[in-house]
Every structure is written in structure tokens, then in C-alpha cells.
Amino acid sequence: MIITGTRQRFEGGLRIIRYERNETGRCVPCLRPPETEAEIDIYYEQRDIDFKRLHGELCAGVMSPVGFFAAYFNMSPKDIAPMVGLSESTVGKHMSPRGFEKATIEILKRYARVFDISVADLFSFVFLHGDLDHEVHYLADRLMERVDVNRRPSQAQ
């Protein structure tokens, strides 16, 4: 999994179409920011806090990578089991470090599809710092990935 050095921030610009009456009383479409726009950046801040907490638990051996991604994406074994073709109890076992060790490559590929990651992301976290950008390409049915890391082009001022 590739983690950039800065958390995501909401830059604004989200607009929804609302129908309002104009001065003649006709309903006309208007583009307006959503009423919850101010709360969107709070969501990204909370996701960053959740990631740091869950990553700490993963590194401390409290949970497995399957448990990490399930918690990060707010999924339960009941949600995941039908998508990977396993029982809820087996998925629950894979969420622990000991149970994860028993998962086969084929099963890990299924988890990777569900979490929209590569199998490699279950085993490594890459932190990018500074002016770096990245592009990820999944290969061989998510069994491998190619990551291109480049310096962001400087913006003329």
C-alpha cells in the first residue's frame, strides 16, 4: 500500500444541482455547494487518524493485514465472506495474525480483489515523503504490482 506524506484534504469545488424558484416563480436549476461541504474535510482528517491507529495495531501484531483492511474499509467478516467465497468464521480467523499465516495465495488474491489492492499490499506499506507522486499498475490478477514513483513537476509561480 502506498501512503503519501500528507493526508488527503477536501479542496472544495463539489457542487450539486438544486432547483429553486427564480424571481418569476419558475423552478430553475442552480449549482450550489452541498450543505455538508464543511464536514467533508473532517471526514478525511478522521480517516487519517483511523489509518494511523489501525497501522499501529497491525505493526504491533494485534491484527493481520486482512483485519487491517477490513477495519479500514469498515467491513465485517459477514460482509467479506460471500465476496471471497469463504465462511464468516474463516474470514474472522484470517483477521488474526495466526490465522492469516494459513491463508493461501489464491485466497489472498480474493481478498486483494475485495479490498481493491494487490497481494503485495497485504505485506508492505510504502510511505512517500516530499514532492513524490506515484502510479500503481496491478499485474497477474493482482498477484504483483508495478509502482512508478516520480518527482512532482514544480509549478511555475
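Keep in mind it's a predicted model, so treat the numbers as computed, not measured.

Engineer: Whenever I open this one, the pairing of strand β6 (residues 144–151) confuses me. Can you help?
Structural biologist: In regular strands, side chains alternate between the two faces of the sheet. Where strand β5 (residues 132–139) lies against β6, eight bridges are found, and the strand directions are antiparallel. Each bridged residue has a counterpart across the sheet, and for Val136 the counterpart in β6 is Val147. Taking the residues that link successive antiparallel strands as the turn, the β5-β6 hairpin has four residues, and the phi of Ala140 there is positive, at about 50°.

Engineer: Which parts of the structure should I look at to understand the pattern of salt bridges?
Structural biologist: A pair can form between side chains of opposite charge whenever their charged atoms are brought close. Applying the stated criterion to the full structure yields five salt bridges. Across the salt bridge formed by Asp48 and Lys52, the nearest N and O atoms sit 3.2 Å from each other. Remark: Lys52 and Asp48 occur in helix α1 (residues 37–59); sequence separation between them is four residues, near one turn of the helix. Asp48 gets classed as partly exposed once you look at its relative accessible area, which sits at 23%.

Engineer: Help me out: how do you make sense of the nonpolar core in this one?
Structural biologist: Among soluble globular proteins, nonpolar side chains are generally buried collectively. Judged by nonpolar contacts, the single largest core of 25 residues is most densely connected at Phe68, Phe69, Ile80, Leu108, Tyr111 and Phe115. For this core, the elements supplying multiple residues, two or more each, are α1, α2 (65–72), α3 (77–84) and α6 (105–115).

Engineer: Help me understand the packing of α3 against α6, please; the structure alone is not making it clear to me.
Structural biologist: A pair of packed helices is captured by two measures, namely the crossing angle of their axes and the spacing between those axes. The N-to-C vectors of α3 and α6 enclose an angle of 115°; their axes lie 9 Å apart at closest approach. For the pair α3 and α6, the sense of crossing is right-handed. Residue-level inspection shows Ile80, Met83 and Val84 of α3 in contact with α6, the latter providing Arg110, Tyr111, Val114 and Phe115. Here the contact of α3 with α6 is built from residues that sort into six nonpolar, no polar and one charged.

What counts, and where the lines are drawn
- Residues numbered from 1 in each chain as written.
- Predicted model: local features only at pLDDT ≥ 70, side-chain atom pairs only at ≥ 80, totals over all residues.
- Heavy atoms only, no water.
- Pairing = 2+ DSSP bridges.
- Helix = DSSP H or I, 4+ residues; strand = E, 2+ residues; numbered from the N terminus.
- Salt bridge = Lys/Arg side-chain N within 4 Å of Asp/Glu carboxyl O.
- Buried < 20%, exposed > 50% of the residue type's maximum accessible area, 1.4 Å probe, protein only.
- Core = buried A, V, L, I, M, F, W, Y, C linked by side-chain atoms within 4.5 Å.
- Axes fitted to C-alpha atoms, helices over the stretch in contact; angles between N-to-C directions.
- Left-handed = near helix turned anticlockwise from the far one by under 90°.
- Contact = heavy atoms within 4.5 Å.
- Nonpolar A, V, L, I, M, F, W, Y, C, P; charged D, E, K, R; others polar.

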